[in-house]
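Analysis of the macromolecular model
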Amino acid sequence: MEELDGEPTVTLIPGMNSQKKQICFDWGPGEMLVCETSFNKKEKSEVVPGCPLIYIVRKDVDVYSQILRKLFNESHGIFVGLQRIEEELTGKSRKAQLVRVSKNYRSVIRACMEEMHQVAIAAKDPASGCQFSSQVSILSAMELIWNLCEILFIEVAPAGPLLLHLLDWVRLHVCEVDSLSADVLGSENPSKHESFWNLVTVLVLQGRLDEARQMLSREADASPTSAGMCRILGDLMRTMPVLSPGNTQTLTELELKWQHWHEECERHLQDGTFASSPHLESLCKIMLGDEAALLEQKKLLSNWYHFLVTRLLYSHPTVKPMDLYFYAQSSLDLFLGGESSPEPLDNILMAAFEFDIHQVIKECSIALSNWWFVAHLTDLLDHCKLLQSHNLYFGSNMREFLLLEYASGLFAHHSLWQLGVDYFDYCPELGRVSLELHIERIPLSTEQKALKVLRVCEQRQMTEQVRSICKILAMKAVRNNRLGSALSWSIRAKDAAFATLVSDRFLRDYCERGCFSDLDLIDNLGPAMMLSDRLTFLGKYREFHRLYGEKRFVDAASLLLSLMTSQIAPRSFWMTLLTDALPLLEQKQVIFSAEQTYELMRCLEDLTSGKPVCGEPDPQRLQDDDIETTKVEMLRLALARNLARSIIKEGSLEGS
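Here the residue index of a chain counts from 1 through its sequence in written order. Totals for whole chains, interfaces and linings use all residues, but because this is a predicted model, local features are given only for residues with pLDDT of at least 70 and pairs of side-chain atoms are given and counted only at 80 or more. To get the side-chain values, all heavy atoms of the structure are used, and hydrogens and water are removed first.

What follows covers the overall build of the protein. Counting its regular elements, the protein contains 31 helices and 3 strands. Contacts are assigned to residue pairs with any non-hydrogen atoms lying within 4.5 Å of each other. Considering only contacts in the protein between residues 6 or more positions apart, those separated by 24 or more positions represent 63%. For the protein, the accessible surface area stands at approximately 34,800 Å², while carbon and sulfur atoms represent 53% of it. Per the convention used, a helix needs a DSSP run of H or I reaching at least four residues, while a strand needs a run of E reaching at least two, with both numbered from the N terminus. Residue-level accessible areas treat just the shown protein chains as cover; the underlying method is Shrake-Rupley with a 1.4 Å probe.

Given below as structure tokens:
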């Protein structure tokens, strides 16, 4: 068994006193139910009436955040689009598309972070504001990590362009300089502002030398004594060699130009050009990559990775990707100076600089509160063909494992489960099985939700799940006395036994009320009536009533007789059928032939003298019941008269 990477987090349950009461728990797919028991550890005590504490510990609480739900919804569309990227796209076009997908993911994170920030500012409750601010910090860290992974693993920037990407990375995530610039430039006399030199220093630290030169020109205008020094330093900033995206110069040419420029900066510093201005001298030392001068600006740098990028900019502008880890580790050590230990974010960034993708994913899985980040990042890296060799020991690969975990968390939510379906769909090994297990646990609280679940199952040919859902809905409909809906669901479930049960209820209602409910459904059963004998009888019996209503008496009589002689009608319903035959027997026109009349007479005798069957009318009860006796006598009389009429009619026809 593998050792844990760290101690598991402790979940505090409010109101739970484990010293006085024992607790029990039960696991669910995405949560755990914790409750107090009535057992006492030491001695028996009087049972005090009251409700025991019940608490649900959820594995993934982030799915219940309104703002984070936007993150889940927006990223779902990006994820599905990524899966549909055509395999024919290779080389630069494929790489460009993957970079675009990565930027889309980051834009979603940033939009969510900005909205969360606004909510945190507007929060009236300090506890809520603190919670939202904490979430903003987490989202900011997520974007920081993702951006770095995009540069190193997806862009795969070579030496030269690599530093330009890292500069953009730092500028994007260390954005205090913009508010500082607004404060300084918004004052009456910017060069006299208390934060003026802090602003110039930060601009130089971030490599924003054009903006720094503009600030120095303001200082030169306001202070003639330092105008010469400002001009010289401004010229050094202007002439600093930088590899621009459209530039065709080679790295060797850049290194030569940079070396000459570096020597010129060194000469000005040695000559004491800026000796009379400590601020300008400090800026010159920073541009020379002096580590001591950089570390003096710890407060303005704010973090070690800003220190790293500034150090590379002014000391190793053509740094190669393979050398990044060495500089990152030394920058971290220099910046922390043994005063504090690295944070989880530091470990994640260091793993990225070491190009250890699996360690990045592992550290993020431990540090972050949900699976969204690692699932989507891993999926993207897998599309970049960077995780093909890494399979987990229990049969799935890392991408699929993380997607399954994330989708499982979505299924804990009453509406986000619909997003989880697509994530399961794109897990070829275990996705289908996991979807079947999770979809069975969705509470079918409304028929609309049940229809959504059913549509998902039918689209994926999940026959057992479709049958199960239809049976559940049919049972609910029966309990609510909605027989039409119950019959519709039982037909959809292809459940013959339940269709028979519902058909019996229809027939019982007909006997009690004298009419059918849900005629449209029964009239349009079509081939579905073959699901069970009872359903077939229901459909045919309704057809008899329709023929009778249309005065097609001969067809109606033939159908009625066939229902009895084919044994498809339950014997408990024979008396009703024979009673329905009475109006046909009394018609002026002879409807039933002699042979048909004999069949009806036989059915009547079987019913009145045969052995009782469970669920059928008892013959003795029929004879004793005055109403039933009257019906039988009327039927016998009508049948005898019809037999005589039919014999005469048939005899006269033969004679003619």
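Still to come is the rest of the account.
Now for unusual backbone geometry. The phi torsion at Val156 lies on the positive side, around 50 degrees, for a residue other than glycine. The residue Val156 is located in the loop between helix 3 (126-155) and helix 4 (161-173) in this model. Although it is not a glycine, Gln461 adopts a positive phi angle of roughly 50 degrees.

Bringing the pattern of salt bridges into the picture now. A carboxyl oxygen of Asp or Glu within 4 Å of a side-chain nitrogen of Lys or Arg is what we treat as a salt bridge. Applying the stated rule across the entire model yields 22 salt bridges. The salt bridge involving Glu115 is made with Lys70; its shortest N-O contact spans 2.9 Å. A residue pair is termed long-range when its members are at least 10 positions apart, and Glu115 in helix 2 (residues 91-122) and Lys70 in helix 1 (residues 66-83) qualify at 45 residues. In this structure Glu115 comes out as partly exposed when scored by relative accessible area, which is 29%. A relative accessible area of 44% means that Lys70 is categorised as partly exposed. The buried label applies to any residue whose accessible area, calculated with a 1.4 Å probe on protein chains only, is under 20% of its type's maximum; exposed applies above 50%, and partly exposed to all values in between.

Here we come to the nonpolar core. Here, nonpolar core refers to any group of buried Ala, Val, Leu, Ile, Met, Phe, Trp, Tyr and Cys residues whose side-chain atoms link them within 4.5 Å. If you look at the biggest cluster of nonpolar residues, it comprises 189 residues, and the most contacted ones within it are Leu166, Trp169, Leu233, Trp304, Phe353, Trp372 and Phe373. A total of 12 residues in this core trace back to one element, the largest contributor, which is helix 3. In contact with Trp372, other than residues within four places in its own chain, are Leu71, Phe72, Ser75, Tyr105, Ile109, Met142, Trp146 and Tyr406.

This part is about the packing of helix 27 (residues 553-565) against helix 28 (residues 574-585). The geometry of a pair of packed helices is captured by two quantities: the angle between their axes and the separation between those axes. One way to put it is that helix 27 packs onto helix 28 with a least axis distance of 11 Å and a crossing angle of 160 degrees. If you check the angle between helix 27 and helix 28, you find them roughly antiparallel. Classified by chirality, the crossing of helix 28 by helix 27 is left-handed. Two secondary-structure elements touch here, helix 27 through Phe553, Ala557, Leu560 and Met564 and helix 28 through Trp574, Leu577, Leu578, Asp580, Ala581 and Leu584. Just so you know the grouping, Ala, Val, Leu, Ile, Met, Phe, Trp, Tyr, Cys and Pro go in nonpolar, Asp, Glu, Lys and Arg go in charged, and all remaining residues, Gly too, go in polar. Of the residues that constitute the contact of helix 27 with helix 28, the class distribution is 9 nonpolar, no polar and 1 charged. Between N-to-C directions, angles span 0 to 180 degrees; the directions come from axes that are lines fitted to C-alpha atoms, helices contributing only their stretch in contact. Each angle is binned into one of four classes, with values under 35 degrees roughly parallel, values over 145 roughly antiparallel, values of 65 to 115 roughly perpendicular, and all other values oblique. Handedness of a crossing follows from how the near helix is turned relative to the far one, being left-handed for an anticlockwise turn of less than a right angle and right-handed for a clockwise one.

With 12 residues, helix 13 (residues 304-315) should cover 16 Å at 1.5 Å per step; its first-to-last C-alpha distance of 16 Å lies within 8% of that length. The buried fraction of helix 13 amounts to 11 of the 12 residues, a majority that puts the element mostly inside the structure. Along helix 13, the residues classified as buried are Trp304, Tyr305, His306, Phe307, Leu308, Val309, Thr310, Arg311, Leu312, Leu313 and Tyr314. One less than the residue count of a helix, multiplied by 1.5 Å, gives the span that helix is expected to have.

Turning to the environment of Ile121, a few remarks are in order. For Ile121, the location among the structural elements is in helix 2. The exposed category is assigned to Ile121, whose relative accessible area is 56%.

To continue, consider the packing of aromatic side chains. Between rings of Phe, Tyr and Trp, where Trp is taken as its six-membered ring, a pair exists when centres lie within 6.5 Å; planes separated by under 30 degrees are stacked, by over 60 edge-to-face, and by other angles tilted. Applying the stated criterion across every chain yields a total of 19 aromatic pairs. An aromatic cluster is present here, built from Phe72, Phe79, Tyr406, Tyr423 and Tyr426 joined pairwise through their rings. Consider the ring centre and the ring normal. A charge sits over the ring if Lys NZ or Arg CZ is within 6 Å of that centre and within 35 degrees of that normal. Looking at Lys298, its charged tip hangs above the ring of Phe335, at a distance of 5.4 Å from the centre.

This next bit is on the state of the cysteines. The disulfide criterion used throughout: a pair of cysteine sulfur atoms within 2.5 Å. Scanning the entire structure with this criterion turns up 0 disulfides. Residue Cys364 stays outside any disulfide, its sulfur separated by 6.8 Å from that of Cys149, the closest cysteine. You can call Cys364 buried: its relative accessible area is 0%.

Their axes nearest at 11 Å, the elements helix 1 and helix 17 (residues 372-383) cross at an angle of 15 degrees. Classified by the interaxial angle, the pair formed by helix 1 and helix 17 is roughly parallel. Crossing of helix 1 over helix 17 shows left-handed handedness. Taking contact as the criterion, the partners of Leu71, Phe72, Ser75, Phe79, Leu82 and Gln83 in helix 1 are, on helix 17, Trp372, His376, Asp379, Leu380 and His383. Its residues placed into classes, the contact of helix 1 with helix 17 shows 6 nonpolar, 4 polar and 1 charged.

Tracing the backbone through its elements, the reader meets Asn370 in the loop between helix 16 (357-367) and helix 17. Judged by relative accessible area, which is 13%, Asn370 ranks as buried. Expressed as a C-alpha distance, the spacing of Asn370 and Glu405, which sit 35 residues apart in the sequence, is 9.3 Å. In protein, a polar contact means a hydrogen-donor-capable atom and an acceptor-capable atom, both N or O and within 3.5 Å, with residues adjacent in sequence counting only if both atoms are side-chain atoms; elsewhere, any N or O pair within 3.5 Å suffices. Polar contacts involving the side chain of Asn370 include one to the main-chain amide nitrogen of Trp372, which spans 2.8 Å.

It is worth spelling out helix 3 at this point. Its 30 residues give helix 3 an end-to-end C-alpha distance of 42 Å, which sits within 8% of 44 Å, the value for a rise of 1.5 Å per residue. Here the bend at a residue means the angle between the axes of two seven-residue stretches, the one that ends at it and the one that starts at it. Along helix 3, the helix axis deviates most sharply at Cys149, where the bend reaches about 30 degrees. Just beyond helix 3, the residue with positive phi is Val156, at close to 50 degrees.

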